[in-house]
Amino acid sequence: MAAVPLLPPKHLLLQACRGLPPEDRHPVLRCAGLLADLHERRLTAAAGATGYIDHERARMVLDIDRWVALELPKAARDAHLHTETVGTVVDRLAQFSALAYLTLASAPDEAMHEAATRLTELALAYEHLAHELAEGRRRLPNLTGNREYEY
């Protein structure tokens, strides 16, 4: 029996968001690294100049969600519905990672602690979601249509 493809663990996902080369070429890790780079570029972009960045983010999120839909086991019909897709969770992890890195470089300790706390909490939530999906106890909304992000 073939092994069930799983989502990468949170420590590898966070490493990918920081630009460290992943230990493997998992498609979610590749997209997470690209999303973090896009978020870093977005943070320093001129006002109103984020259209291309947001378009690329939407494409990466969709790539993750399509991979999840194809590769992860299907959940039972009565499994609890999660409010977000894996792609949107990974996008927020990449965003929080970019914000934490920027905060580390330029903000007081209190702001850094807050940014690190948000990132840690979301990483734990991702880990729980990944386990529930692998066990078929959680299902995801089908949001694989066209997405444009607005801030």
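If you're wondering where the values come from, they're calculated on a predicted model, not measured in any experiment.

Observations regarding the overall build of the chain
- Within the chain, the secondary structure is distributed over 5 helices and 2 strands.
- By the burial criterion, 40% of the 151 residues in the chain qualify as buried.
- Surface summary for the chain: the accessible area is close to 8,900 Å², and the carbon and sulfur share equals 56%.

Considerations on helix 1 (residues 10–17)
- Within the span of helix 1, buried status applies to Leu12, Leu13, Ala16 and Cys17. In an axial view of helix 1, the angular spread of the buried residues amounts to 140 degrees, which keeps them on one side of the axis.
- Remark: Gly19 follows helix 1 within two positions and exhibits a positive phi of approximately 85 degrees.

Digging into the nonpolar core
- With 34 residues, the main nonpolar core has Leu7, Leu13, Ile64, Val86, Val90 and Tyr126 as its most contacted residues.
- When residues of this core are traced back to their parent elements, those giving at least two are helix 1, helix 2 (27–44), helix 3 (51–71), helix 4 (86–106) and helix 5 (109–134).
- Here the element with the most residues in this core is helix 5; it accounts for 8 residues.
- Once residues within four sequence positions are removed from consideration, Leu7 is found in contact with His26, Val28, Trp67, Val68, Leu72, Val86, Tyr126, Ala130 and Leu133.

What to know about the pattern of salt bridges
- This structure, assessed with the given rule, holds 11 salt bridges.
- A salt bridge links Asp54 to Arg42; the shortest N-O distance between them is 2.7 Å. In this pair, Asp54 sits in helix 3 while Arg42 sits in helix 2, placing the two residues 12 residues apart along the sequence. For the pair Asp54 and Arg42, a shared accessibility class is recorded, and that class is buried.
- Arg57 is paired through a salt bridge with Asp54; the nearest N and O atoms lie 2.8 Å apart. A residue pair is termed a helical-turn pair when its members lie 3 or 4 positions apart in one helix, as Arg57 and Asp54 do in helix 3 at 3 residues. Asp54 matches Arg57 in its accessibility class, with the two residues each being buried.

Procedures and definitions
Residues numbered from 1 in each chain as written. Predicted model: local features only at pLDDT ≥ 70, side-chain atom pairs only at ≥ 80, totals over all residues. Heavy atoms only, no water. Helix = DSSP H or I, 4+ residues; strand = E, 2+ residues; numbered from the N terminus. Buried < 20%, exposed > 50% of the residue type's maximum accessible area, 1.4 Å probe, protein only. Areas by Shrake-Rupley, 256 points an atom, 1.4 Å probe, with all protein chains shown as cover. Arc of directions from axis to C-beta. Core = buried A, V, L, I, M, F, W, Y, C linked by side-chain atoms within 4.5 Å. Contact = heavy atoms within 4.5 Å. Salt bridge = Lys/Arg side-chain N within 4 Å of Asp/Glu carboxyl O.

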